[in-house]
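# Observations on the model geometry
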Amino acid sequence: MSNIPDSLRYAKSHEWVRVEGDTATIGITDHAQAELTDVVFVELPETGRVLAVGDNCAVVESVKTASDLYAPVAGTVLEINAALADTPELANDSPFGEGWFFKLQIDGEPDTAHLLDAAGYAAEIGEA
Amino acid sequence: MPKRTPLYQQHLALGARCIDFGGWEMPVQYTGIVAEHQAVRTAAGVFDISHMGEIWVGGAHASGFLNQTLTNNIELLAVGESQYTLMCNEAGGVIDDLYVYRIANEAFLLMVNASRISADLHWLEYQASNHGEDRSVKVENQSEQTGAIAVQGSATPLFIGELFHGDGLISVKRPGDLVKNQVDAWNFGTGVVYVARTGYTGEEGFEIIAPNEQIVALWDAVLEIGRPHGIVPAGLGARDTLRLEMGYPLYGHELSEEVSPIEAGLGYFVKVDKGKFVGRSALMKQKDERPKKKLVAFKMRDKSPPPRQGYEVYNNLEARKDLKSIASAGLKPQDADPVIGTVTSGTQSPSLSCGIGMAQVHIDRAREGTAIDISIRGKRYPATVCKKPLHKKQ
């Protein structure tokens, strides 16, 4: 069973979002990292880039495949997790912690209606 | 409905993640590709390769027939020996790459790629029907009834002998006595199984070919006797990273009917002096004239995403100062900076901790040490053409 923290919101494409004030932190779920295994490279958006919901904005590469990441909420890229450049395995070891991908500056209340809560995501991946 | 090997339930019980591989539901990994890769490089791993095809060729003139159908020289094989070889069409394109085992003087076991079984059979039967002077050659597809496992890693000679009692039925006493490319047979359960000192990982190891009914017992026994030596089940993911570090080709990536063994750097396995064989004149011409493209191995120079099949190869940006003069001569940028090749396979090397791959490149860019660029999602990353194998045994 994967770890699915209650405090986060989830996209069906396996990104998680943590909203704190006007900042949204984004990463990939425990389920996603387990499916990918052995993350060897993460390509992140440039800071300052403006993302709309669903924008293809990052690539996570495992030994076997390259997978695209989509912006779960809209905003401007504020900061990227520079540690992933040298230690991409953080995405495997700590998907909700040190393995976060990037932070967005959001304008006002983010639109999260399309996102799932923990129970919804668990159902989505067949672990409900 | 995908096909499953006799080991499907074993894979599930071991927690494998299965993928479709050419119509077969095969384990891509159990615990993780990197861990399985390292286990094979440092101790031992066992792979299910039951999806591969087994075709028997026999009859009074089987050796003569095979020598006219395959590129390597079958007369170099004594009974109990095997060789890597290729089956080509008249134009020299590769129909399949395979191992041929000489089990008896005129009985050969061909181990072929799963995806090519029907193409191979079709070609072998067509050639047999053309083999005018003699209709005695018998081609028999045993793939459905036969399974196989690959036991690979430096520790494998330490325990492989515990699998079988008694002497080999062909020439050696114990499996550990087999030398590279040698094959023998042992009784196992109610069947006869073939054990060859061959593999696709670059490590010491054995491949065991057996009737389906024996495969589960063999697999379980290998895991049991190998446990004190650190054996793990290994999936197709590790099989791919291991073979890529060695620069071994994989059909559908490095090889196809549009690529010749010469272009794939496999000229050693094409014995043009042995006499007539299918594709000989085309291959001789290529050997003489120098092909236009060549398969090379390469290593990424810096941190980069792993290269993948289909990525374009360019001249290295730094090494192309000369292109300025080409540009000033009024040529278009695509003339000054053309695509010089295509990646055929790529991955992140667990042993080297960098991106590695193979690519088909223009012959002038194929020399060892040549700086090239791999284009990954529109960005260029530098790489270096390297000698095979990319990983050298410690």
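What you see is a predicted model, and the numbers here were worked out from it, not measured in a lab.

Cut-off values and rules
- Residues numbered from 1 in each chain as written.
- Chains lettered and ligands numbered in written order.
- Predicted model: local features only at pLDDT ≥ 70, side-chain atom pairs only at ≥ 80, totals over all residues.
- Helix = DSSP H or I, 4+ residues; strand = E, 2+ residues; numbered from the N terminus.
- Rg over C-alpha atoms; globule rule 2.2 N^0.38 Å.
- Buried ≥ 20, exposed ≤ 12 C-beta atoms within 10 Å, placed from the backbone.
- Contact = placed C-beta atoms within 7 Å.
- Domains from an automatic or database assignment.
- Nonpolar A, V, L, I, M, F, W, Y, C, P; charged D, E, K, R; others polar.
- Pairing = 2+ DSSP bridges.
- Expected span 1.5 Å × (residues − 1).
- Arc of directions from axis to C-beta.
- Axes fitted to C-alpha atoms, helices over the stretch in contact; angles between N-to-C directions.
- Parallel < 35°, antiparallel > 145°, perpendicular 65-115°, else oblique.
- Left-handed = near helix turned anticlockwise from the far one by under 90°.
- Core = buried A, V, L, I, M, F, W, Y, C linked by C-beta atoms within 7 Å.

## Quick look at the overall build of chain A
Looking only at helices and strands, one finds four helices and nine strands in chain A. Across chain A, helices and strands are ordered from the amino to the carboxyl terminus as β-β-β-α-β-β-β-β-β-α-α-β-α. Taken over the C-alpha trace, chain A has a radius of gyration of 13 Å; the compact-globule value for 128 residues is 14 Å, and the two agree within 12%. Its C-alpha atoms put chain A at 35 × 35 × 20 Å along the principal axes. Relative to its full complement of 128 residues, chain A shows a buried share of 45%. A fraction of 62% describes how many contacts in chain A between residues 6 or more apart in sequence connect residues 24 or more apart.

## Things to note about the domain arrangement of chain B
Residue and element names in this part refer to chain B. Taken domain by domain, chain B holds domain 1 (8-52 + 145-244) and domain 2 (292-394). Centre-to-centre separation of domain 1 and domain 2, based on C-alpha positions: 35 Å. Taken together, the eight residues of domain 1 in the interface contact nine residues of domain 2. The set of elements that each furnish at least two residues to the side of domain 1 that touches domain 2 consists of α2 (33-42) and α7 (236-246). The leading source of residues in the side of domain 1 that touches domain 2 is α2, at four residues. The class makeup of the residues in the side of domain 1 that touches domain 2 is two nonpolar, four polar and two charged.

## A look at the interface of chain A and chain B
Tallying the contact residues gives nine residues for chain A and twelve residues for chain B. A total of three residues in the side of chain A that touches chain B trace back to one element, the largest contributor, which is strand β4 (residues 39-43) of chain A. In the side of chain A that touches chain B, the residues fall into four nonpolar, one polar and four charged.

## A short note on the sheet that holds strand β2 (residues 15-20) of chain A
Spatial strand order, β1-β2-β3-β9-β8-β5 (chain A): six strands in an open sheet with antiparallel pairing. Edge positions in the sheet fall to β1 (9-10) and β5 (50-51) of chain A, since each has one partner strand and no second.

## Section: helix α4 (residues 117-130) of chain B
Residue and element names in this part refer to chain B. Between its first and last C-alpha atoms α4 spans 20 Å; for 14 residues at 1.5 Å apiece the expected length is 20 Å, and the two agree. Looking at α4, one finds that the buried residues are Ile117, Asp120 and Leu124. Down the axis of α4, the smallest arc covering the buried residues is 65 degrees, so these residues share one side. In α4, the exposed positions angled more than 90 degrees off the buried face are occupied by Ser118, His122, Tyr126, Ser129 and Asn130. For α4, the secondary structure elements touched by its buried residues are β4 (53-58), α3 (62-69), β5 (81-88), β6 (94-104), β7 (107-112) and β8 (138-141).

## Description of the packing of α2(B) against α7(B)
Each pair of packed helices gets described by two things: the angle between the helix axes and the distance between those axes. All names here are of chain B. Remark: α2 packs on α7, axes separated minimally by 8 Å, with the N-to-C direction vectors making an angle of 55 degrees. Between α2 and α7, the interaxial angle falls into the category oblique. As α2 packs across α7, the resulting crossing turns out to be right-handed. For the pair formed by α2 and α7, the contact residues are Ile33, Glu36, His37 and Val40 on the first element and Gly237, Ala238, Thr241 and Leu242 on the second. Its residues assigned to classes, the contact of α2 with α7 shows four nonpolar, three polar and one charged.

## Some details on the pairing of β7(B)
Residues and elements named next belong to chain B. Counted residue by residue, β7 has five buried out of six residues, so it is predominantly covered. Bridge analysis of β6 against β7 gives five bridges, and the strand direction is antiparallel. In the strand pairing of β7, Arg102 is matched with Phe108. Between β6 and β7, which pair antiparallel and follow one another directly, the connecting turn spans two residues.

## Some thoughts on the nonpolar core
All names here are of chain B. Of all hydrophobic cores here, the largest spans 135 residues; its most connected members are Ile149 and Ile208. Sort the elements by how many residues they give to this core and β6 lands first, with seven residues. Residues from two domains meet in this core; each of domain 1 (8-52 + 145-244) and domain 2 (292-394) gives at least three. Discounting residues that sit within four places of it in the chain, Ile149 has contacts with Val46, Phe47, Asp48, Ile49, Ile208, Ile215, Leu218, Trp219 and Val222.

## Looking at the environment of Gln182(B)
Residues and elements named next belong to chain B. Note on placement: Gln182 falls in the loop between α5 (156-159) and β10 (183-188). With 21 C-beta atoms counted inside 10 Å, the residue Gln182 sits in the buried group. Each C-alpha atom, one on Gln182 and one on Gly80, is 5.7 Å from the other, the two residues being 102 residues apart in sequence. The residues touching Gln182, leaving out its near neighbours within four places in the chain, are Gly80, Glu81 and Arg197.

## Here we look at the sheet that holds strand β19 (residues 379-386) of chain B
Residues and elements named next belong to chain B. Strand order in the closed barrel made by the six strands is β14-β17-β16-β15-β18-β19, with antiparallel pairing throughout. Put simply, the sheet's adjacent strands are angled 45 degrees from each other on average, direction ignored. When strand β14 (residues 293-300) meets strand β17 (residues 354-362), the two strands line up antiparallel, connected through seven bridges. Bridge pairing in β17 links Lys299 to Ile356. Sheet strands in contact with α7 are β16 (339-349) and β17, and its direction is about 125 degrees off that of β16.

## Comments concerning helix α6 (residues 212-226) of chain B
All names here are of chain B. Here α6 spans 21 Å end to end across 15 residues, near enough to the 21 Å set by a 1.5 Å rise per residue. Listed as buried for α6 are Gln214, Ile215, Leu218, Trp219, Val222 and Gly226. Seen from one end, α6 has its buried residues packed into an arc of 140 degrees, which puts them on one side.

## Brief notes about unusual backbone geometry
The omega torsion across Lys388(B) and Pro389(B) is -5 degrees, close enough to zero to call that bond cis. Here Pro389(B) lies in the segment after β19. Phi angles above zero are rare outside glycine, and His14(A) is one such case at about 75 degrees. C-beta crowding within 10 Å serves as the criterion here: with 24 such atoms nearby, His14(A) is assigned to the buried category. With a phi angle near 50 degrees, Arg377(B) is a residue other than glycine that sits in the positive phi range. Inspection of the secondary structure assignment puts Arg377(B) in the loop between β18 (371-376) and β19.

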